[in-house]
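What the coordinates show
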Amino acid sequence: AIFFVQIGGTEQVVRLGPLTGSPPFGQGRGLQVILLGLGGLTLGVYLLVRPLRRRLTELSQAAESFGRGALAVRAPVRSRDAIGGLALAFNRMAEQIQRLIAAQHELLRMVSHELRTPLQRIHFAAEIVRSAEDAERRDKGLLRMERDLKELDELIDELLTYVRLQHEVPLNREAVDLHQAIDEVIATQAELAGPVSLTAVAARAPLPAAQVDPRLLRRALANLIGNALCHAGSRVEVTVAQSGQTVQFKVDDDGPGVPLAERERIFAPFVQEDGSTTRRYGGTGLGLVITQRLCHMLGGKIRVVSKPGQGSTFTLELPASAP
């Protein structure tokens, strides 16, 4: 190889050569270097992608197993990168779905139990009517059947309400006179009070109109009062007062009270205030569950204070204005 290089500013050139040896990329060496570089790059990408592929395979296998019904399967979380975040999100979703399915199964089990009892009583009453030889016995059986059918109707209505409230219900907020709302609910519930004295506290401080959905508010108050009537010994008192930016509705009864250990469980479906699932006090067992859901939809909260043997006070606390 001979190179000629012109000297700048002159007409002279410098001759270099002849040079011996081969150029660095001559005789196919360039192709060899390129192939070697591509091979190294491919190996590096493979070593980088291999653990990601393994982790994605584990996540895919966990998803397939979960889809086949293995609800306890969880994806391994090996790092905090994007795939680790995806596995963590999958695990949270799986836990939520597992809890929802378990709650659904428990609800179905309890619903079947609740429906079976009045149905058995209806069958028994039907046998009484069928075998009755006098009008009085037949009328007694028919009255029992009507009472059990009414209980079934109430239970189905509460179940439909419970299912409907699991989804978002559009609110229709408007200015509501709280004293008037309580009077209307008490007038409706008075028919169910029987020997129990149902009253609103007479001393009333003036209250501003609250921005709430009147239909949901009346339903929540009716459920609380109905629950108190089921457990009260002789009296149920209802009060309403404003405390800062909130309005508090209190329903007080002189029933058996709720033990401290049971005050969370009473807001579970079909659980009595004594912690059992047996209908000792009547009702559907869904009233407090629905009330709690209605309270959350209205932007408030519900709590209970109780002394065993002396009664309970349920407090429904709602914002005075629309949140």
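Counting of residues starts from 1 at the beginning of each chain's written sequence and follows it residue by residue. Only residues with pLDDT of at least 70 are given local features in this predicted model, and only at 80 or more are side-chain atom pairs given and counted; all residues enter the totals for whole chains, interfaces and linings. Calculated side-chain values reflect all of the structure's heavy atoms, with hydrogen atoms and water omitted.

Remarks on the sheet that holds strand β7 (residues 246-253)
- Pairing between two strands requires that DSSP report at least two bridges joining them. A run of H or I in DSSP counts as a helix once it spans at least four residues, and a run of E counts as a strand once it spans at least two, with each numbered from the N terminus. Overall, mixed pairing links the five strands, which are arranged β4-β6-β7-β9-β8 in an open sheet. Each having just a single partner strand, β4 (197-200) and β8 (301-307) make up the two edges of the open sheet. Strand-to-strand twist across the sheet, computed as the mean angle between neighbouring axes with direction ignored, equals 15 degrees.
- As paired elements, β8 and strand β9 (residues 311-319) share seven bridges and run antiparallel to each other. Paired with Ile 302 across the strands is Leu 316, a residue of β9.
- Residue contacts are defined here by distance: any two heavy atoms, one from each residue, within 4.5 Å place the two residues in contact. Angles run from 0 to 180 degrees between N-to-C directions of axes, and those axes are lines fitted to C-alpha atoms, restricted for helices to the stretch in contact. Running over the sheet, helix α4 (residues 178-193) touches β4, β6 (235-243) and β7 and is turned about 175 degrees from β4.

Details of a nonpolar patch on the surface
- On the surface, a nonpolar cluster with roughly 780 Å² of combined accessible area is contributed by Leu 31, Ile 34, Leu 35, Leu 38, Leu 41, Val 45, Leu 48 and Val 49.
- Counting through the fold element by element, Ile 34 comes out in helix α1 (residues 29-67).
- Since its relative accessible area comes to 52%, Ile 34 is described here as exposed. Only residues above 30% relative accessible area that lack a salt bridge enter a patch, with like-charged residues linked at up to 9 Å and the nonpolar side chains Val, Leu, Ile, Met, Phe, Trp and Tyr linked at up to 5 Å. With residues, only the protein chains shown are counted as cover, and all accessible areas are computed by Shrake-Rupley using a 1.4 Å probe. Salt bridge, as applied in this entry: a Lys or Arg side-chain nitrogen positioned within 4 Å of an Asp or Glu carboxyl oxygen. A simple rule labels every residue: compare its accessible area, found with a 1.4 Å probe on the protein chains alone, to the largest value its type can have, and call it buried under 20%, exposed over 50%, or partly exposed in between.

Details of the pattern of salt bridges
- For the coordinates displayed, the defined rule picks out eight salt bridges.
- Three or more residues joined by partner-sharing salt bridges are found here, namely Lys 301, Arg 303 and Glu 317.

Some remarks on the environment of Leu 224
- Within the secondary structure, Leu 224 is located in helix α5 (residues 214-231).
- Between the C-alpha atoms of Leu 224 and Leu 288, which are 64 residues apart in sequence, the distance is 6.9 Å.

Thoughts on empty space enclosed by the protein
- Residues are called lining when one of their atoms sits within 4 Å of a cavity or pocket point, these points coming from a 1 Å grid over the protein atoms alone, where a cavity is a set in which a 1.4 Å probe fits but cannot get out and a pocket is an open set with protein on both sides within 12 Å along at least five of seven lines. Grid points are joined across faces, edges and corners, and a volume is the space filled by probe spheres set on the points. Here the structure, examined in full by the defined rule, presents one cavity of 30 Å³ or more.
- What lines the largest cavity is Arg 55, Glu 58, Leu 59, Ala 75, Pro 76, Arg 78, Ile 83, Gly 84 and Ala 87.
- Residue classes follow a fixed rule: Ala, Val, Leu, Ile, Met, Phe, Trp, Tyr, Cys and Pro count as nonpolar, while Asp, Glu, Lys and Arg count as charged, and any other residue, Gly among them, counts as polar. Among the residues forming the lining of the largest cavity, the class breakdown is five nonpolar, one polar and three charged.

Quick notes on the confidence of the model for the protein
- Chain-level pLDDT for the protein is 80 on average; 88% of the residues reach the 70-or-more range.
- Summary of the metric used: pLDDT quantifies the predictor's per-residue confidence within the range 0 to 100. Here strand β5 (residues 210-212) stands out as the element of the protein with the lowest mean pLDDT, 79, in contrast to strand β2 (residues 13-16), whose mean of 90 is the highest.
- A low-confidence stretch, residues 274-281 (pLDDT under 50), is modelled with 23 contacts involving residues beyond four sequence positions or located in other chains.

Thoughts on the packing of helix α3 (residues 135-164) against helix α6 (residues 287-297)
- With their axes 10 Å apart at the nearest point, α3 and α6 run at an angle of 30 degrees to one another. As the angle between them shows, α3 and α6 are arranged roughly parallel. Pair α3 / α6 crosses with left-handed handedness. Where α3 approaches α6, its residues Glu 158, Thr 161 and Tyr 162 are matched on the opposing element by Gly 287, Val 289 and Ile 290.
- Here the contact of α3 with α6 is built from residues that sort into three nonpolar, two polar and one charged. Oblique is the label for every angle not falling under 35 degrees (roughly parallel), over 145 degrees (roughly antiparallel), or within 65 to 115 degrees (roughly perpendicular). By definition, any crossing whose near helix is turned counterclockwise from its far helix by less than a right angle is left-handed, and any crossing with a clockwise turn is right-handed.

Concerning α1
- The terminal C-alpha atoms of α1 lie 55 Å apart, and with 39 residues this matches the ideal 57 Å at 1.5 Å per residue to within 8%.
- Fitting axes to the seven residues that end at a residue and to the seven that start at it, the angle between those axes gives the bend at that residue. In α1, a bend of some 30 degrees at Val 49 exceeds every other bend along the element, and Pro 51, a proline, comes one to four places later.
- Inspection of α1 places Gly 30, Arg 55, Glu 58, Leu 59, Ala 62, Ser 65 and Phe 66 among the buried residues, and these make up the whole buried set.
- Just downstream of α1 lies Gly 69, where phi reads positive at about 115 degrees. Multiplying 1.5 Å by the helix residue count minus one yields the expected span of that helix.

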